[in-house]
Amino acid sequence: MALLAILKKCSVTAKTTSGLCSKCKQCWNMRDPWLKRLRTQAPHQHSGVVPGELKSLRSIAIPPLSKIRNIGIMAHIDAGKTTTTERMLYYSGYTRAMGDVDDGDTVTDFMTQERERGITIQSAAVTFDWNGYRINLIDTPGHVDFTVEVERSLRILDGAVAVFDASAGVEAQTLTVWRQADKHYLPRICFLNKMDKAGASFSYSVESIKQKLKVKPLLLQLPIGVAKSFNGLVDLVTREKIVWMSTPGLDDGRTFARIPLTDADPPELLQEAKDARIALIEQVADLDDEFAELVLGDFSENPDGLPVEEFQSALRRVTLAQKAVPVLCGSSLKNKGVQPLLDAITMYLPAPDECHHDFLPWYGDDMCALAFKVLHDKQRGPLVFVRIYSGTMKPQSSVHNVSKNCTERMSRLLLPFADQHIEIPSLTAGNIALTVGLKQTATGDTLASSKSAAIAAARRAGRESGNKCAQSKASESLILAGIEIPEPVFFCTIEPPSLARQPDLEFALSCLQREDPSLKVKIDPDSGQTILCGMGELHIEIIHDRIKREYKLETHLGPLQISYRETILNSISETDTLDRTIGEKRHTVTVELGLQPWEEEGVITKPVIEYSERMPQQLLTDLREAIENGIDSAYLQGPLLGFPLQNVVVTLHSVTLQPGTSMTMVSACVSRCMQKALRKAEKQVLEPLMSLEITVSEQFISSVLADLARRRGTIQEIQSRQDNKVVVVSVPLAELMGYSTELRTVTSGSATFSMELANYEAMNPQDQAALLKKLKGLS
């Protein structure tokens, strides 16, 4: 065992004494049977760092653009994202010990709430190097309530690793994050984690990826053994076995051997590897013409002789073109498979200069960056995460916020490492940085080196576009696309412990809103109460807990409410006149408009505004903004319960006004006329429907189905997944209050579920009448 400990200090692959450190040369000549076996079978490999030595971010030199990888780890909750990230940091030499989610000591889950619950709530960025590459990695949440964290992280990344639970395959939130990655055109690698878990199935997971995600999986590895017998991998590209060495006290997965496949290996393993490799070669040849020529030419008779470098280059081209996704496997918790995953990230995912961005030629060498996340630090104030797309960012410099048209001074520039940050003198394009001193910048804002640089970029965009109309659009496109924020579905009132603490609460909510764009705060116009709007029960609970811990405020939450929508079922017309004398000036305006339901498919959350042919064009040009402001104002409050409207078409027939009438009066008259029409129309309440995916064992399926029927659930399908059943069901959100507790009770804690907003659906008359009575306090 002492021999192995010495060998673990060598970071090179060794078949002879050449290239070995002095201690390993001494060991090489020792007549130890274990060493003889190792020497004849395969080289030993390590993860590039000497055990006990800890790397510092300060030691990382800024690499060339081609050596940078900006990636995110995304998955369904509890698939093993954070554990995988933890192993990456350990093997690359940036942590002394591997943290554990259950122990609450991981690097990226640093919030108190994350460590208590064992889940990721905020995306966390870490920077480390691996074999000469810099990897900027973001660990994203897997819970549906924090899907905005995933969205804003993927927006600025170049590639992603999708982690799967090998016993479950593609789960509900996996589909959601995969669609988000599709929207940003990110090349991906799939990592089938938890191969050591009971019920793990490599073939089931691959088939699940193929069927549910509608992609072509490229199997680069095969597992050796399953569940408890899982102890290694077969690399189909290099035709080697990768086996991890384990010794008492040193079972950290750092040491592994790459052993070429030979006839001495089990025949079934050899045959499976041979068939899988031939299938992989055929797949890649179908997708890449250059590789197909190579295979059909020099290596048509001997596919085993294909150069590994050519094979890897073809796999890289296919992955970057998003024609297929490489699939790897392992067990992060058992420290197997993470080093090959890191190699695959550097080998198959793109560098920043391989990603196409239309705006880059416009900025040239000037700095252009996108702010994608804001944190508040008690000492340093707001910390803004930025992705640098061009130019160089330096501290103690001014930056121009193109989105807000203001200039701010950045005091410090930091390299992110979860909640620890290293100050740096500059950072170049392709990197992710943390800035201090930007007081007004928020998520989604575009930053340039100066206002003149932004104007010059707008001119270049205009010249490229040609006509004036296109120039205007090109100038607008200098503002990099932000992120889409879904509408909140839960809300409740929040009150400070006393009236004197109201300013403190407003400050806390202001900071939290800037950090979390999915959190909305509004004031009830009737009661004056502060209303907190969020993405789910857990989201609201976390916000409440943060206010208590971080801002020392013992706030009180009112009962959780559902965000309904309202619509109309028939067409209606209305006329209204507003006549007011303000000071010595008389304002008179008459409006005639009509409302009708949206008949086409799809959901329209903003008013569809149409104008009658009777409206004079000049009058329409002068009044359009005032008219649309009035309609938008009325659209926010429906006539039944005061919830926003949906799927309503507004047609403006005529507007007449006395000369000198203010635009504010026009808006007020339009809004009042629309409200009168809404009160006369036949009205309908729409309730949010959630799509639930419940994983439950066979013995509890009947109890779960009976409970769902009581909650007005509509079963979509029931799938089989290993020994469990997966129930896909649509249930009104109002029926899901406290469902997690109820499900645990019904299934003795064995079932799990995930949910996401599906759509809004009309309530039946009985349920609508009951809801109206309840909300009006009549029941």
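As a convention, each chain's residues are numbered from 1 in the sequence order in which they are written. Only residues with pLDDT of 70 or above have their local features reported here, since the model is predicted, and side-chain atom pairs are shown and tallied only from 80 upward, although totals for entire chains, interfaces and linings are computed over all residues. Only hydrogens and water are set aside; all other atoms, that is, all heavy atoms of the structure, feed into the side-chain values.

S.K.: Can you explain the overall build of the chain? Please cite residues and give values.
M.R.: Each helix is a run of H or I in the DSSP string that is no shorter than four residues. Each strand is a run of E no shorter than two, and both are numbered from the N terminus. Along the chain, the regular secondary structure elements total 22 helices and 36 strands. Taken across its 779 residues, the chain has 54% of its residues classed as buried. Within the chain, contacts between residues separated by at least 24 positions form 72% of all contacts whose residues are at least 6 apart in sequence. The method behind every accessible area is Shrake-Rupley, applied with a 1.4 Å probe, and residues are considered shielded solely by the protein chains displayed. About 34,600 Å² of surface is accessible on the chain, with carbon and sulfur atoms providing 50% of the total. Burial classification: accessible surface area is computed with a 1.4 Å probe over protein chains only, and a residue below 20% of its type maximum counts as buried, one above 50% as exposed, and the rest as partly exposed. Residues count as neighbours in contact if any of their non-hydrogen atoms are within 4.5 Å of one another.

S.K.: Before we move on, could you go through the pattern of salt bridges and cite the residues and values that matter?
M.R.: Definition used for salt bridges: Asp or Glu carboxyl oxygen within 4 Å of a side-chain nitrogen of Lys or Arg. One pass over the structure, following the stated rule, counts 31 salt bridges. We note a salt bridge from Asp767 to Arg712, for which the minimum N-O separation is 3.3 Å. Taken together, the residues Asp767 in helix α22 (residues 765–775) and Arg712 in the loop between α20 (701–710) and β34 (714–721) connect sequence positions 55 residues apart. Using a relative accessible area of 28% as the deciding quantity, one classes Arg712 as partly exposed. If you follow the salt bridges from partner to partner, you end up with Glu574, Asp576, Arg672, Lys676 and Lys680 in one network.

S.K.: Before we move on, could you go through the packing of aromatic side chains and cite the residues and values that matter?
M.R.: Geometry of aromatic contacts follows a simple scheme: Phe, Tyr and Trp rings, the Trp one being its six-membered ring, pair when their centres are within 6.5 Å, and the pair is stacked under 30 degrees between planes, edge-to-face over 60, tilted otherwise. If you walk through the whole model with that rule in mind, you get six aromatic pairs. Relative to Phe385, the ring of Phe372 has its centre 5.8 Å away and its plane inclined at 50°; by these criteria the two rings are tilted. Residue Phe372 is found in strand β13 (residues 368–377), and its partner Phe385 is found in strand β14 (residues 381–390); the two are separated by 13 residues along the sequence. Considered together, Phe372 and Phe385 belong to a single accessibility category, that of buried residues. Taken together, a centroid distance of 5.6 Å and an interplanar angle of 70° make the contact between Tyr564 and Phe643 edge-to-face.

S.K.: Just give me the short version of the packing of helix α18 (residues 617–635) against helix α19 (residues 663–680), but keep the residues and values in it.
M.R.: Two elements in contact, α18 and α19, have axes separated by 8 Å at closest approach and are oriented at 40°. As summarised for this structure, α18 and α19 are arranged oblique, according to the angle between their axes. Seen from above, α18 lies across α19 with right-handed handedness. Of α19, the residues touching α18 (which contributes Asp622, Leu623, Ala626, Ile627, Asn629, Gly630, Ile631, Ser633, Ala634 and Tyr635) are Met663, Val666, Ser667, Val670, Ser671, Met674, Gln675 and Leu678. Charged residues are taken to be Asp, Glu, Lys and Arg, nonpolar residues to be Ala, Val, Leu, Ile, Met, Phe, Trp, Tyr, Cys and Pro, and polar residues to be all remaining types, Gly included. The class makeup of the residues in the contact of α18 with α19 is eleven nonpolar, six polar and one charged. Axes here refer to lines fitted to C-alpha atoms; in helices the fit is confined to the stretch in contact. Angles between the N-to-C directions go from 0 to 180 degrees. Put simply, angles under 35 degrees are roughly parallel, angles over 145 are roughly antiparallel, angles from 65 to 115 are roughly perpendicular, and the rest are oblique. For any pair of crossing helices, the crossing counts as left-handed if the nearer helix is rotated counterclockwise from the farther one by less than a right angle, and right-handed if it is rotated clockwise.

S.K.: So what's going on with the environment of Gly169? Residues and values would help.
M.R.: On the secondary structure map, Gly169 appears in the loop between β5 (159–165) and α7 (172–183). Under the relative-accessibility criterion, Gly169 is labelled buried at 1%. Expressed as a C-alpha distance, the spacing of Gly169 and Asn193, which sit 24 residues apart in the sequence, is 9.7 Å. In contact with Gly169, not counting residues within four places along its chain, are Phe164, Tyr204, Ser205 and Ser208.

S.K.: Quick one: what's the story with the side chain of Ser92, residue by residue and with numbers?
M.R.: By the element assignment, Ser92 lies in the loop between α4 (81–91) and α5 (112–117). Residue classification places Ser92 among the buried positions, given a relative accessible area of 1%. Within the structure, the side chain of Ser92 is placed 2.7 Å from the backbone oxygen of Met88, a separation counted as a polar contact. At 3.2 Å, the side chain of Ser92 forms a polar contact with the backbone oxygen of Leu89. For this analysis, a polar contact is any N or O atom pair within 3.5 Å, provided that within protein one partner can donate a hydrogen and the other can accept it, and provided that sequence-adjacent residues contribute only side-chain to side-chain pairs.

S.K.: Any chance you could break down unusual backbone geometry for me, citing the residues and the numbers?
M.R.: Backbone geometry at Asn647 places phi at a positive 60°, although glycine is not the residue there. Residue placement: Asn647 occurs in the loop between α18 and β32 (648–657).

S.K.: So what's going on with the sheet that holds strand β30 (residues 585–597)? Which residues, and what values?
M.R.: Should DSSP find at least two bridges between two strands, the strands are regarded as paired. Taken in spatial order, the four strands of this open sheet run β29-β30-β32-β31, and their pairing is mixed. Only two strands of the sheet have a single neighbouring strand rather than two, namely β29 (572–582) and β31 (608–611). Averaged over all pairs of adjacent strands, the angle between their axes in this sheet comes to 30°, without regard to strand direction. Contacting β31 and β32, α18 runs over the sheet at an angle of about 130° to β32.

S.K.: Tell me what's going on with the packing of helix α16 (residues 502–515) against helix α17 (residues 537–550), and back it up with residues and numbers.
M.R.: Where α16 meets α17, the axes come as close as 11 Å, and the angle between the chain directions of the two elements is 130°. Taken together, the axis directions place α16 and α17 in an arrangement best described as oblique. In the packing of α16 onto α17, the handedness of the crossing is right-handed. Each of Leu505, Leu509, Leu512 and Glu515 in α16 lies in contact with α17, whose residues at this interface are Ile543, Arg546 and Ile547. Looking at the contact of α16 with α17, its residues break down into five nonpolar, no polar and two charged.

S.K.: Could you give an account of the environment of Gly93, with specific residues and numbers?
M.R.: Along the chain, the position of Gly93 falls in the loop between α4 and α5. Counting along the chain gives 36 residues from Gly93 to Asp129, while the straight-line C-alpha distance between them is 8.7 Å.

S.K.: Give a detailed account of the side chain of Asp707, specifying residues and quantitative values.
M.R.: Positionally, Asp707 belongs in helix α20. At 2.6 Å, the side chain of Asp707 forms a polar contact with the side chain of Arg710. Among all residues touching Asp707, those that are not within four sequence positions of it are Tyr739 and Glu742.

S.K.: I'd like a rundown of the environment of Met665, residues and numbers included.
M.R.: Note on placement: Met665 falls in helix α19. On the accessibility criterion, Met665 (12% relative accessible area) is buried. On a C-alpha basis, the gap between Met665 and Arg580 in space is 8.5 Å, while along the polypeptide they are 85 residues apart. Not counting the four nearest positions on each side in its chain, Met665 is found in contact with Leu578, Arg580, Ile582, His587 and Val589.

S.K.: Now, about α4: what can you tell me, with residues and values included?
M.R.: The element α4 is extensively covered by neighbouring structure, given that eleven of its eleven residues are classed as buried. Here α4 has its buried residues at Lys81, Thr82, Thr83, Thr84, Thr85, Glu86, Arg87, Met88, Leu89, Tyr90 and Tyr91.

S.K.: Describe in detail helix α8 (residues 202–212), supporting the description with residues and values.
M.R.: Restricting attention to buried positions, one finds in α8 the residues Phe202, Ser205, Val206, Ser208 and Ile209. Projected down its long axis, α8 shows its buried positions confined to an angular sector of 155°, all on one face. The secondary structure elements touched by the buried residues of α8 are β5, β6 (188–193), β7 (217–219), β8 (221–224) and β12 (325–329). The reported arc concerns the directions from the helix axis to the C-beta atoms and nothing else.

S.K.: Can you break down the confidence of the model for the chain residue by residue, with the values?
M.R.: Parts of the prediction with low pLDDT should not have their coordinates interpreted in detail. Per-residue pLDDT for the chain averages 81, and the proportion of residues at 70 or more is 84%. Residue-level confidence of the predictor, termed pLDDT, takes values from 0 up to 100. Contacts for the low-pLDDT stretch residues 1–44, under 50 throughout, to residues beyond four places or in other chains number 65 contacts. For residues 467–477, every residue scores under 50 in pLDDT, and the model assigns this stretch ten contacts once sequence neighbours within four places are set aside.

S.K.: Residues and numbers for the state of the cysteines, please.
M.R.: Note that a disulfide, as used here, is simply two cysteine sulfur atoms within 2.5 Å. Counted according to the given criterion, the structure contains zero disulfides. Just so you know, Cys533 is unpaired, no disulfide at all, and the nearest cysteine sulfur is the one on Cys492, 8.3 Å from it. The exposure class of Cys533 is buried, given its relative accessible area of 6%.

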